[in-house]
Amino acid sequence: MTWSRRNVENPSDRVILEQAEARELFHNWEQTKNRDLIRARLERAERIYGSGSRDRIRAYMAQMREGTLE
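Residues numbered from 1 in each chain as written. Predicted model: local features only at pLDDT ≥ 70, side-chain atom pairs only at ≥ 80, totals over all residues. Heavy atoms only, no water.

Nonpolar side chains tend toward joint burial in soluble globular proteins. Grouped together as the largest cluster of nonpolar side chains are 12 residues: Ala22, Leu25, Phe26, Ile38, Leu42, Ala45, Tyr49, Ile57, Tyr60, Met61, Met64 and Leu69. Of all the elements in the fold, those that place two or more residues in this core are helix H1 (13–32), helix H2 (35–49) and helix H3 (53–66). The contact partners of Leu42, leaving out residues within four places of it in the chain, are Leu25, Arg54, Ile57 and Arg58. (Core = buried A, V, L, I, M, F, W, Y, C linked by side-chain atoms within 4.5 Å. Buried < 20%, exposed > 50% of the residue type's maximum accessible area, 1.4 Å probe, protein only. Helix = DSSP H or I, 4+ residues; strand = E, 2+ residues; numbered from the N terminus. Contact = heavy atoms within 4.5 Å.)

Below you can see the structure in the form of structure tokens.
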């Protein structure tokens, strides 16, 4: 058996933070329907979490809309 520092059962911190951002944005969208706010927050997330995070957060939001992600 090989040992790894990373626990593969638990998602990384980035995944957890991006899902939290997606939850916040999804609920803001549900309440306000403000596209400019969501667009600005996604741009902010891109700067904070790195390239590609905007698409990952949008994918999490789509999963929430479908009901596959809580």
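Now, onward.
Closest axis-to-axis distance for the H1/H2 pair is 10 Å, and the angle between their directions is 170°. Compared by their axis directions, H1 and H2 come out roughly antiparallel. On H2, the residues that touch Arg14, Leu17, Glu18, Glu21, Glu24, Leu25, Asn28 and Trp29 of H1 are Arg35, Leu37, Ile38, Arg41, Leu42, Arg44, Ala45 and Tyr49. (Axes fitted to C-alpha atoms, helices over the stretch in contact; angles between N-to-C directions. Parallel < 35°, antiparallel > 145°, perpendicular 65-115°, else oblique.)

To continue, consider H2. Residue pairs spaced three or four apart in an α-helix point in one direction, given the helix's 3.6 residues per turn. With 15 residues, H2 extends 21 Å between its outermost C-alpha atoms, agreeing within 8% with the 21 Å of an ideal straight helix rising 1.5 Å per residue. Turning to H2, its buried residues number three or more, namely Ile38, Arg41, Leu42, Ala45, Glu46 and Tyr49. One side of H2 holds all its buried residues, which, seen down the axis, span an arc of 150°. Exposed residues on H2 whose side chains face more than 90 degrees from its buried face are Asp36 and Arg47. (Expected span 1.5 Å × (residues − 1). Arc of directions from axis to C-beta.)

Along the chain, Glu46 falls in helix H2. For the pair Glu46 and Ile57, spaced 11 residues apart in sequence, the C-alpha to C-alpha distance is 9.5 Å. For Glu46, the side chain forms a polar contact with the main-chain nitrogen of Gly52, separated by 3.1 Å. (Polar contact = N/O pair within 3.5 Å; in protein donor to acceptor, adjacent residues only side chain to side chain.)

Another aspect to go through is the environment of Glu21. Inspection of the secondary structure puts Glu21 in helix H1. Here the alpha-carbon distance between Glu21 and Leu42, two residues 21 residues apart in the chain, equals 8.9 Å. Setting aside its immediate chain neighbours within four residues, Glu21 contacts Arg41, Arg44, Ala45, Tyr49 and Ile57.

Further remarks concern unusual backbone geometry. A positive phi angle, near 55°, is found at Lys33, a position not held by glycine. Tracing the chain through its elements places Lys33 in the loop between H1 and H2. Lys33 gets classed as partly exposed once you look at its relative accessible area, which sits at 48%.

The next point concerns the environment of Glu24. Looking at where Glu24 falls in the secondary structure, it is placed in helix H1. Look at Glu24 and you get partly exposed, because its relative accessible area is 39%. The spacing of Glu24 and Ile38 is 14 residues in sequence and 9.9 Å in space, taken between C-alpha atoms. Reaching out from Glu24, the side chain makes a polar contact with the side chain of Arg41 at a distance of 3.1 Å.

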